[in-house]
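For reference, the chains in residue letters:
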Amino acid sequence: MTRLSLDLLQQFVLVARFGKLSRAAEQANLTVSALSHQMRQLEDRLGRRLFERGPRGVSLTVEGCRLFEAVGEHFDGIEHALMRYREHRHDALTLSASPGIMSSWLMPRLPRMVAAHPDLELNLQSSSALVDFEREPVDCGLRYGRGEWSGLHADRLFAEWLAPVAAPALVARMGGASSADLSDWPLLGDPNPADRWRDWFQRFGGKLPARRVANFDSVDAARHAALEGLGVGLGRMVTSKSLIDAGLLVVLGSHYLPVPEAYWLVYPPRSQEHRGLQTFREWLLVEAKTFREQMHVWEPDALLPVA
């Protein structure tokens, strides 16, 4: 095997694992177009079609599955064998977080972290994809969920609440934030598979509209649609707070719906002795405690989290 073909196979394994060229390109330090060209080159050299390309990513063909089964585990073995030889810097920390929590909550607070610990170098990865700590050189992550991640340590930071939010222009067109029942407003679909709008109307009353004006596959896309005035989104208060404070979004009504998901700091067992993570964790838990105390207004009396 030539060096070029080994590189191609390693890139193929990345694309097969992530199912998205953008995520694989990030890991391979390539542009998406360059990686796409490499995959077509591999297909040409093998004389087989390895991928089905679609609007939401790529999927393996039958031939692609056979190749991945044949070579994937060998690259896993090489990765695990070399992991112990990686330089482990205690003055540098690599953190992964979704774009929403990264930009709206973490970034405004990081100057305090940098000022208090100027010797700690932070490497931040903004991505909605869950990190595979076994294969990726990431020390910790901020995740949204129920804390059920096998093999990882998880520190609960704070809860989340949902409330209807809309752009001021839409509120004006509809006659004001309290002028009508939400049943009469254009609603944006909730990206959560559980469809929290049903929980909202069941708890606070009103008739759930039969259709939404638009549906989305990500929270960030739904938030952007609300900002553009397309409709009313069921906004996450933690990640929407800065937009609300800036007057870019308006909360409709005074009800807040608690949900079972929360925000967590997660890290693998190998990171426990990382002094940089210990420093960051101590700082983050203090920031989270302060934030919980500030946001107690979102915890209405006698409301329990929905199932």
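Coordinates for the structure precede this section.
The structure presented is a predicted model; accordingly, all values stated were derived computationally and were not measured.

Draft legend 1. Expanded view of the pattern of salt bridges. This model, assessed by the stated rule, comprises 15 salt bridges. E52 is the salt-bridge partner of R49, the closest N and O atoms lying 3.3 Å from each other. Between E261 and R196 there is a salt bridge, and its shortest N-O distance comes to 3.0 Å. Of this pair, E261 sits in strand β9 (residues 257–267) while R196 is found in helix α8 (residues 196–204), placing the two residues 65 residues apart along the sequence. Residue classification places R196 among the buried positions, given a relative accessible area of 2%. Through salt bridges with shared partners, a single ionic network connects R146, R196, D199 and E261.

Draft legend 2. Main features of unusual backbone geometry. Of note in this structure, N29 is not a glycine but carries a positive phi near 60°. Of the residues examined, N29 reaches a relative accessible area of 70% and is grouped as exposed.

Draft legend 3. Just the pairing of strand β2 (residues 57–60), in detail. Inspection of the sheet shows strand β1 (residues 51–54) paired to β2 by four bridges, in the antiparallel sense. Its bridge partner being in β2, R53 is matched across the sheet by V58. Taking the residues between adjacent antiparallel strands as the criterion, β1 and β2 are bridged by two residues.

What counts as what
- Residues numbered from 1 in each chain as written.
- Predicted model: local features only at pLDDT ≥ 70, side-chain atom pairs only at ≥ 80, totals over all residues.
- Heavy atoms only, no water.
- Salt bridge = Lys/Arg side-chain N within 4 Å of Asp/Glu carboxyl O.
- Helix = DSSP H or I, 4+ residues; strand = E, 2+ residues; numbered from the N terminus.
- Buried < 20%, exposed > 50% of the residue type's maximum accessible area, 1.4 Å probe, protein only.
- Pairing = 2+ DSSP bridges.

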